[in-house]
Amino acid sequence: MATDTRTRMIEATALLLRRRGYHGTSLNDILSASAAPRGSLYFHFPGGKDQLVIEVTRASVADVTERLGAQLEAESDPAVAVHHIYQSVARMLEDNEFSLGCPIAPVVLDAPNDVPDLEEICRSAFEQWIGLLRDAFIRAGIPERRAQALALLVESSLEGLMVIARATRDRAPLLAVADEVGALIEQAVLAGKVARQAETVAV
């Protein structure tokens, strides 16, 4: 348990955002959950709630980005790497008893249009995550256009499956789709190899 007031506020805000989104998280909620005195919020975050939420969201995105990149780098076979990612998400949901999903999805759905920096962080997050997947697929020999489409498929299915898993309190949907997506990626890698071989023969 964090004892530093600033750290407690960051951790409390991260959990509240994932459960309630931007508009559903009030300053009183943050202060109550972090057991912090009201004056400490503006001492540590002069910009108030928006500054705190922006900092928390940026840190959450960086954490997901780092872990996603590491999982993709750890496996030369992107189908295996993606399967591990689905399994990791399933474990995460089980560990938090299906109470928390993607750290930025509730913020996006809340559409805090009056906080441009927050909008940009969320937009950039999906670009980064889809980009990491796309680049891993390209490295495996999948043509760029299909690699982009597959990356979008993986990211969008993960986002949707987290909602379904939370609603059903069951990891099975994630694991079932992991097998199907893994098979698609394997087929795409094989098709890329066949196309390259055909080009070599033609030359």
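None of these values were measured; they are calculated from a predicted model.

Colleague: Mind laying out the environment of V177, listing which residues take part and the relevant values?
Modeller: With respect to the secondary-structure elements, V177 resides in helix α9 (residues 172-202). C-alpha separation for the pair V177 and N96, spaced 81 residues apart in sequence, amounts to 21 Å. Ignoring any residue separated from it by four or fewer positions in sequence, one finds V177 in contact with Y86, S157 and L161.

Colleague: Break down the nonpolar core for me, citing the residues and quoting the values.
Modeller: Y86, L133, F137, V154, L174 and I185 are the most contacted members of the largest nonpolar core, which totals 55 residues. Elements supplying a minimum of two residues to this core: α1 (5-20), α2 (27-34), α4 (48-74), α5 (78-95), α7 (116-139), α8 (144-168) and α9. The element best represented in this core is α7, accounting for 9 residues.

Colleague: Summarise the packing of α4 against α5; cite the residues concerned and give the values.
Modeller: Where α4 meets α5, the closest approach of the two axes is 8 Å, and the angle between their N-to-C directions is 140 degrees. Classed by the angle they form, the pair α4 and α5 counts as oblique. With respect to the hand of their crossing, α4 and α5 are arranged in right-handed fashion. Listed contacts from α5 to L68, Q71 and L72 of α4 are A81, H84, I85 and S88.

Colleague: I'd like a description of unusual backbone geometry, backed by residues and values.
Modeller: The phi torsion at A35 lies on the positive side, around 55 degrees, for a residue other than glycine. Along the polypeptide, A35 turns up in the loop between α2 and α3 (38-44). Owing to a relative accessible area of 56%, A35 belongs among the exposed residues under this scheme. Its identity is not glycine, yet F98 carries a phi of approximately 60 degrees, on the positive side. Relative to the helices and strands, F98 resides in the loop between α5 and α6 (105-110).

Colleague: Could you give an account of the packing of aromatic side chains, with specific residues and numbers?
Modeller: Within a pair of aromatic rings, the relevant descriptors are the distance that separates the centres and the angle that separates the planes. Applying the stated criterion to the full structure yields 1 aromatic pair. Centre to centre, the rings of F126 and W129 are 5.5 Å apart; their planes meet at 80 degrees, and the pair counts as edge-to-face. With F126 and W129 both in helix α7 and 3 residues apart, the pair spans about one turn of that helix. Assessed through its relative accessible area of 2%, W129 is described here as buried.

Colleague: Any details on α7? Residues and values, ideally.
Modeller: With 24 residues, α7 extends 34 Å from end C-alpha to end C-alpha; this agrees with the ideal 34 Å at 1.5 Å per step. At the exit of α7 stands G141, carrying a positive phi of roughly 100 degrees.

Colleague: Any chance you could break down the pattern of salt bridges for me, citing the residues and the numbers?
Modeller: Scanning the entire structure with this criterion turns up 8 salt bridges. The closest approach of N and O atoms between E55 and R6, which form a salt bridge, is 2.8 Å. You can see E55 sitting in helix α4 and its partner R6 sitting in helix α1, a full 49 residues away along the chain. A residue is classified by how much of its surface remains accessible, and E55, at 26% relative accessible area, is partly exposed. Relative accessible area serves as the criterion here: at 27%, R6 is assigned to the partly exposed category. We note a salt bridge from D135 to R134, for which the minimum N-O separation is 3.3 Å. Exposure remark for R134: the relative accessible area of 23% places this residue in the partly exposed category. Members of the salt-bridge network, linked through shared partners, are E120, R123 and E127.

So, how was this worked out
Residues numbered from 1 in each chain as written. Predicted model: local features only at pLDDT ≥ 70, side-chain atom pairs only at ≥ 80, totals over all residues. Heavy atoms only, no water. Helix = DSSP H or I, 4+ residues; strand = E, 2+ residues; numbered from the N terminus. Contact = heavy atoms within 4.5 Å. Core = buried A, V, L, I, M, F, W, Y, C linked by side-chain atoms within 4.5 Å. Buried < 20%, exposed > 50% of the residue type's maximum accessible area, 1.4 Å probe, protein only. Axes fitted to C-alpha atoms, helices over the stretch in contact; angles between N-to-C directions. Parallel < 35°, antiparallel > 145°, perpendicular 65-115°, else oblique. Left-handed = near helix turned anticlockwise from the far one by under 90°. Phe/Tyr/Trp six-rings, centres within 6.5 Å; stacked < 30°, edge-to-face > 60°. Expected span 1.5 Å × (residues − 1). Salt bridge = Lys/Arg side-chain N within 4 Å of Asp/Glu carboxyl O.

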